[in-house]
Amino acid sequence: MAIGRSKVVIVGTGSVGAAVAFDMVMNYICDDLTLIDINKEKSWAEATDLQHSLGYSGSRMRVKAGEYEECKDADIVIIAAALPYITGQTRLDMLEKAAGIMNNIVPNIMKSGFFGMIVVITNPVDVMSYYVHKLSGLPSNKVIGTGTALDSARLKYHLADVMSVDPQSVHALCMGEHGDSQIIPWSQITVGGKKFLDIINDNKIRLKCFDLNSVTEDIKKIAYRIVNAKGATTFGIAATTVQIVKAILRDENKVIPVSAMLNGEYGESGTYAGVPAVLDNQGVKELVEYHLSESEKVELKKSIGIIKDYKKRLKL
Ligand SMILES: NC(=O)c1ccc[n+]([C@@H]2O[C@H](COP(=O)([O-])OP(=O)(O)OC[C@H]3O[C@@H](n4cnc5c(N)ncnc54)[C@H](O)[C@@H]3O)[C@@H](O)[C@H]2O)c1
């Protein structure tokens, strides 16, 4: 008898879905992993290739390609399905096509009797997370977008590199839209417990080339450069998603900036946006509300306003 086996399903096994699957297998995140794609040959190929890694990875996971009925007893379904990327598209240009894909996928997941959690990766991720919440009928704590978690990892790495410290010693995050309007709340960022703005003030010579605005721009734009060069971003989003999945499956109560439903936090309601959230085995346990500076509050409102505009375009 299988007692308490944890199960994850990935829908969409393109560049991102396959990278997430590989990271899950290498880190033995769950017991059962099922891959679904509209292109069945692709999900079969990814699953079979992953099975061939099991002999050396030491992971005892069961990996297979499957159908939507298999979502029935899944703890988490990850959605990474999309239409092929067209050069120059912003994440928000992908809106209507992505919504069409969700219209196809989400009813199939729910028809299986699924009652777990959904982690949305598909862009534009904030609007898609909201849409999946509405389409699925699942409570908002159970539908989570990867939001600005990946941007935050990029920022952490960048600051760690500048300061020559371990990224784990950097507490940094991006907030708002996972896209061009996201903000970096510099007032909240610390390295080794010291406010980063104080570090800049105290190290004017060493950090003379450090410019807050250009770092914000670089973090926003780096994904476009990676996608133009290698066709997709994969490893960063894979590690990001696996951290979110692990926080849920292992009831870690870990704080990760994800796309979550706002219920009055940051003065906003009824929309998903990237904010720090405590993740446990129920999904989003609570949101962390920072004391942002006045200008950060204005910028965040602007970014959330963009997500709301796009929600309106979908008549949500
Ligand atoms: N949230 C983030 O931080 C983040 C980071 C990277 C990528 N992304 C997004 O992830 C998505 C996937 O990117 P990718 O590079 O893997 O794309 P891709 O084109 O390589 O893969 C998409 C996969 O989805 C499948 N698919 C399409 N329609 C489907 C349907 N109706 N049902 C099931 N499967 C379907 C395709 O067959 C394909 O295998 C994109 O929306 C991308 O923008 C998000």
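Figured I'd write up the structure that's included with this text.

The rules behind these values
Residues numbered from 1 in each chain as written. Predicted model: local features only at pLDDT ≥ 70, side-chain atom pairs only at ≥ 80, totals over all residues. Heavy atoms only, no water. Near = heavy atom within 4 Å. Polar contact = N/O pair within 3.5 Å; in protein donor to acceptor, adjacent residues only side chain to side chain. Areas by Shrake-Rupley, 256 points an atom, 1.4 Å probe, with all protein chains shown as cover. Phe/Tyr/Trp six-rings, centres within 6.5 Å; stacked < 30°, edge-to-face > 60°. Helix = DSSP H or I, 4+ residues; strand = E, 2+ residues; numbered from the N terminus. Buried < 20%, exposed > 50% of the residue type's maximum accessible area, 1.4 Å probe, protein only. Lys NZ or Arg CZ within 6 Å of the ring centre and 35° of its normal.

Here's the deal with the site of the ligand
Neighbouring the ligand are 26 residues; Val-16, Asp-37, Asn-104, Asn-123 and Thr-146 lie closest to it. Separating a nitrogen atom of the ligand from a backbone N or O atom of Ile-38 is a distance of 3.2 Å. Taking Asn-104, its side chain carries an N or O atom lying 3.0 Å from a nitrogen atom of the ligand. Protein chains shield 85% of the accessible area of the ligand, which is 870 Å² for the free molecule.

Observations regarding the packing of aromatic side chains
For any pair of aromatic rings, the description rests on two quantities: the centre-to-centre distance and the angle between the ring planes. Evaluated as defined, the whole model comprises four aromatic pairs. Ring geometry for Trp-186 versus Phe-210: centroids 6.0 Å apart, planes at 90°, classification edge-to-face. Linking Trp-186 in the loop between strand E7 (170-171) and strand E8 (190-191) with Phe-210 in the loop between helix H6 (196-202) and helix H7 (212-230), this pair joins segments that are 24 residues apart in sequence. Side by side, Trp-186 and Phe-210 carry an identical accessibility label, which is buried. One aromatic cluster in this structure is built from Trp-186, Phe-196 and Phe-210. Here the basic side chain of Lys-230 rests over the ring of Phe-235, its NZ or CZ set 4.2 Å away from the ring centre. The positively charged end of Lys-311 is found above the aromatic ring belonging to Tyr-130, 4.1 Å away from the centroid.

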